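Residue-level structure breakdown
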Amino acid sequence: MDETLRSAALPTLRFLTCGSVDDGKSTLIGRLLYEQKLIFDDQLSALERDSKKHGTTGADIDFALLVDGLEAEREQGITIDVAYRYFATPKRSFVVADTPGHEQYTRNMATGASNADLAILLIDARKGLLTQTRRHSLIVSLLGIRHVVLAVNKIDLVDFNEARFREIVKAFEDFAKPLGFKSVVAIPMSARYGDNVSASSDRTPWYKGPTLLEHLEACDVDVDRDKAPLRLPVQWVNRPNLDFRGYAGTIASGKLKRGDEIVVAASGRVSKIAGLYVADRLSEEAGAGDAVTVTLADEIDIARGDVLAHRNARPAVADQFAAHVIWMSAEPMLPGRSYFMKIGARTTPAAITELKHRIDVNSQEKLAAKTLGLNEIGYCNIAATLPVAFDPYAENRDTGAFILIDRRTNETAAAGVVAHGLRRATNIHRHGYAVTREAHAALKHQKPAILWFTGLSGAGKSTIANLVESKLHARGVHTALLDGDNVRHGLNKDLGFTAADRVENIRRVGEVARLMTDAGLIVLTSFISPFRAERRLAREIAASGEFIEIFVDAALEAVIARDPKGLYKRALKGEIKNFTGVDQPYEAPETPEMTLDTGGASADALAERVISELEARGCIARL
Amino acid sequence: MSGQLPLHLRRLEAEAIHIMREVVSEFRSPVMLYSIGKDSSAMLHVAIKAFHPAPLPFPLLHVDTTWKFREMIAFRDETAKRLGLDLRVHINQDGVARGVSPIASGSQLHTQVMKTEGLRQALDAGKFDAAFGGARRDEEKSRAKERIFSHRSAAHAWDPRNQRPELWKIYNTRIREGESVRVFPLSNWTELDVWEYVRAENIPVVPLYFAKERPVVERSGTWIMVDDDRLPLLPGEKAQMRRVRFRTLGCYPLSGAVESDASTLDDIIDEMRASTTSERQGRLIDTDEAGSMEKKKREGYF
Ligand SMILES: Nc1nc2c(ncn2[C@@H]2O[C@H](COP(=O)(O)OP(=O)(O)O)[C@@H](O)[C@H]2O)c(=O)[nH]1
């Protein structure tokens, strides 16, 4: 087979170009394509046409226009997304991710970097190292790229001056030391005129290193995924009939042979590879990057999201991690809110339990923070509902990377890389246990509680309870509200307002609230509940420590004066019997967990106090 | 078919398989858009391998504009039969009733009604929540930025400024009721990759890709084939026999042929390596206006 354009031996090189606006990124890519004669005649004539219309290079062809894709951004002259380019030389094929440089596009850059093995950092020789260069280097390093080309561009505009080049290289090397790059190759270059892009320039006789293209063709970025321990995330169970049960997935790292003993990471179950298909072909062995289907010697329980490994080199299994996350959504990150975490083929609810610090992408400083906004990077603890098999990202980019998905909007809210696990998952055997109240609550990332609002009619119980509930809802907390309106019309419609019926009313509410806390909810009840004894009963029905009695305190004269529904007026006229405060006593709580004095503060301020109390009790995450 | 695929093709194939398995695992009702061309043929071939030994776990859908080359339709039906596929063909009957055609209505309206609207109708009727397409990022500029999993609103619209970031091989497959995704497993393939794969795997393709004497007329610098008598000849125009082939296939009055002697896969690959024009040059719908593909895609074109 004729392989003049491709070499089967060298894997495709995926690289990323980064630099600030106008450093010459697009020009460089355009130039590379042009010099490889990879721009077709019809594209070239379109380019000439476009250059006249939008170009910045006068009569010359503006190569940047070749790669700036979408209409809107072409008119603004900026690159707003990630564009992928494909080209091949006789030695190798390449995929280029072209991403924007502005700080507000950190997420786009991270996206481009996630699949790249090498990064070209462009620097304008006139300007030297800029804040942007530092930011890009940090992101490149965080996303696990180990090979960097420092392209000192526009060298024509500093008269091909060697000292200037050396100065920039030195500054970069000093700065990049802690970032863990394996190789940094600096090249003086002019993207616009082609110096040291694919041909050596005689205008930089002092530069003896490779041209950009020579380096890209030769650079060995092979992370030796084949030599790393075997990781096969199970993506799909292939079950066409009763005689065949295959587990399909792409080998993330390592080698797999027929006959190998394997272990299911999360369950610890062991079996042997009976059959191995690479794509559709029965094979003896397969390596990293291959899409395979395996059959096992034993019938063991394996599902999508499980990870197969060799027995002597297993991935970690945990449900809590320390990780860096890059926030990608306009909606800020909220600690405690539940997101979907997708890692490999596993999707699990998860919450950020603690934001340790935010990283200033420009200065690399660690800053205290309560939340992360769009394009911000933070280091945090994450708790997942299901145990996850993983490796630290630094060891395996496939099994250590994850995304967080907003459960309401479905957007990709964040990208994350696992630093290490925090706690080994305890529930290794996934089935055979009943779903406990702890499990219910863990799924919601909250601790159940009953907020029992008591007080006179018109004191403000429902107003405050409603406010508290909407504040909780906004934080992603799962709640239920029980009040006269929804209980009296259904569950308790057989009850009146005699003392006995009031007791039964409260008993039932207490039982329902308890059942709801068993399901993990934070329950708010809003009933006058005038008698101490029945409130005590409700407290006893509740799980210990979960009953929070909140006395909504208002003077009788005040509520009579307010009388929002005109009930006091009618009760005082004798039209309503058994009305609390008029012809039935209200027994104020002696030791409530909270007393809210409605005379002194706004309903909103009082609701905030309830929220703080829940935070203090660890029922909900602190913001 | 001998030995293993070259490494770069093996990787591309594995990536496409990974994407397809992800879709089948996470969507309720996927469908594969089958346009009969070489990309569709390659995509279908990969899909059959991805789910082996199970049969293809989704149907194929062809949106027929009624103006495809006759050889394409014959190839389509023969392929479905040979592979035992669940092939569904949809024609926008409303468009047919309105007499929409590339001749009478012009390429833009024809494409809009018969292709874009036809596709929407078929996807809605089938309640499909994921549709595979064979598009590649190297085809056209706006495609270069499209995601592999491309989210569509309930009205099938694409919002290029509001695409979900797509990191690593982790695809966000969550959608709301009524929304859908278009999935492009061959995103990272180039035209050359497709042909090399077709050759390495012996995948049958429509004979129109190979050079042969065909009746053609010259129109605005390209050869249009007189596939049937629906193509009105201009005064003085007469079909002539030329040795031509097609780089892309669509509606025959909109697909330009090139003069060529390439009659085998080897010839095609050699010819492409020496080529100085891009594949879409033969596709008349693209040159209508600047950014035309992006406009069409926002409206729901594939
Ligand atoms: N003199 C000179 N100009 C350059 C060079 N590289 C790029 N430029 C010009 O710098 C401007 C910005 O280039 P562009 O590629 O759009 O930058 P991007 O924003 O990084 O993609 C354009 O006017 C280019 O022609 C170079 O090496 N030398």
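Residues numbered from 1 in each chain as written. Chains lettered and ligands numbered in written order. Predicted model: local features only at pLDDT ≥ 70, side-chain atom pairs only at ≥ 80, totals over all residues. Heavy atoms only, no water.

What follows covers the pairing of strand β10 (residues 256-259) of chain B. Residue and element names in this part refer to chain B. Both strand β8 (residues 222-225) and β10 contribute to a ladder of two bridges, which runs antiparallel. In the strand pairing of β10, I224 is matched with G256. Of the strand pairs in this sheet, strand β9 (residues 240-245) and β10 are connected by two bridges, and their pairing is antiparallel. Paired with V244 across the bridge in β10 is E259. (Pairing = 2+ DSSP bridges. Helix = DSSP H or I, 4+ residues; strand = E, 2+ residues; numbered from the N terminus.)

The next point concerns the site of the ligand. Residues and elements named next belong to chain A. The local shell around the ligand holds 19 residues, among which D22, K25, S26, T27 and D156 are the closest. Measuring from an oxygen atom of the ligand, one finds a backbone N or O atom of D23 at 3.4 Å. The contact in question runs from an oxygen atom of the ligand to an N or O atom on the side chain of S26, over 2.6 Å. Contact with the protein chains hides 89% of the accessible area of the ligand, taken as 580 Å² for the molecule alone. Here the shell around the ligand gets three residues from one element, more than from any other, and that element is helix α1 (residues 25-35). Of the residues contributing to the shell around the ligand, the split by class is five nonpolar, eight polar and six charged. (Near = heavy atom within 4 Å. Polar contact = N/O pair within 3.5 Å; in protein donor to acceptor, adjacent residues only side chain to side chain. Areas by Shrake-Rupley, 256 points an atom, 1.4 Å probe, with all protein chains shown as cover. Nonpolar A, V, L, I, M, F, W, Y, C, P; charged D, E, K, R; others polar.)

What follows deals with the pattern of salt bridges. Residue and element names in this part refer to chain A. For the structure on display, the rule yields 61 salt bridges over all chains. Among the ionic pairs, E167 bridges to R164, the shortest N-O distance being 3.4 Å. In this pair, E167 and R164 both sit in helix α7 (residues 162-176), three residues apart, roughly one turn of the helix. Judged by its relative accessible area of 49%, E167 falls in the partly exposed class. The partner of D518 in a salt bridge is R437, and the shortest N-O contact between them spans 2.7 Å. One end of the pair, D518, is in helix α12 (residues 499-518); the other, R437, is in helix α9 (residues 437-444), with 81 residues separating them in the sequence. Through salt bridges that share partners, D124, R126, K127 and K154 make up one connected network. (Salt bridge = Lys/Arg side-chain N within 4 Å of Asp/Glu carboxyl O. Buried < 20%, exposed > 50% of the residue type's maximum accessible area, 1.4 Å probe, protein only.)

This brings us to the packing of aromatic side chains. Under the definition given, this model contains 21 aromatic pairs over all chains. Both rings, one in W236 of chain A and one in F51 of chain B, keep their centres 5.1 Å apart while their planes meet at 85°; by these two values the pair is edge-to-face. Pair noted here: W236 of chain A is in strand β8 (residues 236-241) and F51 of chain B is in the loop between α2 (38-50) and β2 (60-63), and the two residues belong to different chains. We note that W236 of chain A, like F51 of chain B, is buried. (Phe/Tyr/Trp six-rings, centres within 6.5 Å; stacked < 30°, edge-to-face > 60°.)

Now for α9 of chain A. Residue and element names in this part refer to chain A. Looking only at α9, the buried set comprises R437, A441 and K444. The buried residues of α9 occupy an angular sector of 60° when projected down its axis, which confines them to one face. Those residues of α9 that are buried are in contact with α12. Phi for H445, located one or two positions after α9, is positive at around 55°. (Arc of directions from axis to C-beta. Contact = heavy atoms within 4.5 Å.)

Looking now at the sheet that holds strand β26 (residues 522-526) of chain A. Residue and element names in this part refer to chain A. One open sheet accounts for five strands, arranged β25-β26-β24-β27-β28; its pairing is parallel. Two strands in the sheet have a free side with no partner beyond their single neighbour: β25 (479-483) and β28 (594-597). Neighbour-to-neighbour, the strand axes of this sheet turn through a mean angle of 20°, independent of strand direction. Where strand β27 (residues 547-553) lies against β28, four bridges are found, and the strand directions are parallel. What sits directly across from V552, in β28, is L596. Most of the contacts of α12 go to strand β24 (residues 449-454), to which it runs at about 150°, and overall it touches β24, β25 and β26. Strands in contact with helix α16 (residues 603-616) are β24, β27 and β28; relative to β28, the strand with the most contacts, it is inclined by about 165°. (Axes fitted to C-alpha atoms, helices over the stretch in contact; angles between N-to-C directions.)

Glancing now at the confidence of the model for chain A. All names here are of chain A. Looking at chain A as a whole, the pLDDT averages 86, with 88% of positions reaching at least 70. Within chain A, helix α4 (residues 71-76) has the poorest average pLDDT of any element, 48, and strand β7 (residues 232-233) the best, 97. Throughout residues 1-8 the model reports pLDDT below 50, and contacts reaching past four residues in sequence, or to other chains, amount to 26 contacts. With pLDDT under 50 throughout, residues 426-432 is counted as low confidence; its partners more than four residues away or in other chains account for 10 contacts. (pLDDT = per-residue confidence, 0-100.)

Turning to α16 of chain A, a few remarks are in order. Residue and element names in this part refer to chain A. With 14 residues, α16 extends 20 Å from end C-alpha to end C-alpha; this agrees with the ideal 20 Å at 1.5 Å per step. Those residues of α16 that sit buried are L606, A607, V610, I611, L614 and E615. Each element contacted by the buried residues of α16 is listed here: β24, α10 (461-474), β27 and β28. Once α16 ends, the next one or two residues include G618, with phi positive near 75°. (Expected span 1.5 Å × (residues − 1).)

In this section: the side chain of T250 of chain A. Summarising the element assignment, T250 of chain A is placed in strand β9 (residues 244-250). A distance of 2.8 Å separates a polar atom in the side chain of T250 of chain A from a polar atom in the side chain of H18 of chain B. Residue contacts for T250 of chain A: discarding those within four places in its chain leaves R231, L232, P233, Q235, G289, D290 and A291 of chain A together with H18 of chain B.

Turning to empty space enclosed by the protein, a few remarks are in order. One way to see where empty space is left: roll a probe the size of a water molecule over the atoms. Following the criterion strictly, the structure yields nine cavities of 30 Å³ or more and no others. Of the voids in this model, the second largest cavity is the one considered here, and its volume is about 220 Å³. When contributions to the lining of the second largest cavity are tallied by element, the ones reaching two or more residues are β9 of chain A together with α1 (7-26) of chain B. Looking at the lining of the second largest cavity residue by residue, the classes come out as seven nonpolar, five polar and five charged. (1 Å grid on protein atoms, 1.4 Å probe; cavity = no way out; pocket = protein on both sides within 12 Å on 5 of 7 lines; lining within 4 Å. Points joined across faces, edges and corners; volume = space filled by probe spheres on them.)

Let us now look at the environment of I300 of chain A. All names here are of chain A. Within the secondary structure, I300 is located in the loop between β15 (291-296) and β16 (307-310). Exposure remark for I300: the relative accessible area of 13% places this residue in the buried category. With 29 residues separating them along the chain, I300 and S271 place their C-alpha atoms 7.8 Å apart. In this structure I300 touches Y247, V264, R269, V270 and S271, once residues within four positions along its chain are discounted.

All names here are of chain B. The geometry of helix α6 (residues 191-201) relative to helix α7 (residues 265-274) is characterised by a closest axis approach of 10 Å and an angle of 165° between their N-to-C directions. With respect to each other, α6 and α7 are oriented roughly antiparallel. The element α6 and its partner α7 pack so that their crossing is left-handed. Taking contact as the criterion, the partners of E191, L192, W195, E196, V198 and R199 in α6 are, on α7, L265, D266, I268, I269, M272 and R273. Here the contact of α6 with α7 is built from residues that sort into seven nonpolar, no polar and five charged. (Parallel < 35°, antiparallel > 145°, perpendicular 65-115°, else oblique. Left-handed = near helix turned anticlockwise from the far one by under 90°.)

A few words on the nonpolar core. Ranked by internal contacts, the top residues of the largest apolar core, which has 78 residues, are F15, L16 and I120 of chain A together with W168 of chain B. Residues within four places of F15 of chain A in sequence aside, it is in contact with L32, F87, F94, V95, V96, A97, A116, L118, I120 and L216 of chain A. (Core = buried A, V, L, I, M, F, W, Y, C linked by side-chain atoms within 4.5 Å.)

Residues and elements named next belong to chain A. Strand order in this open sheet of six strands is β2-β3-β1-β4-β5-β6, and the pairing throughout is mixed. Both edges of this open sheet fall to β2 (83-88) and β6 (183-188), since each of them pairs with a single strand only. When the angles between neighbouring strand axes are averaged without regard to direction, this sheet yields 25°. Of the pairings in the sheet, the one linking strand β5 (residues 147-153) to β6 comprises six bridges and is parallel in character. For V149, the partnering residue across the bridge sits in β6 and is V185. The strands touched by helix α6 (residues 131-142) within the sheet are β1 (13-18), β4 (118-124) and β5, with β4 carrying the most contacts at an inclination of about 175°.

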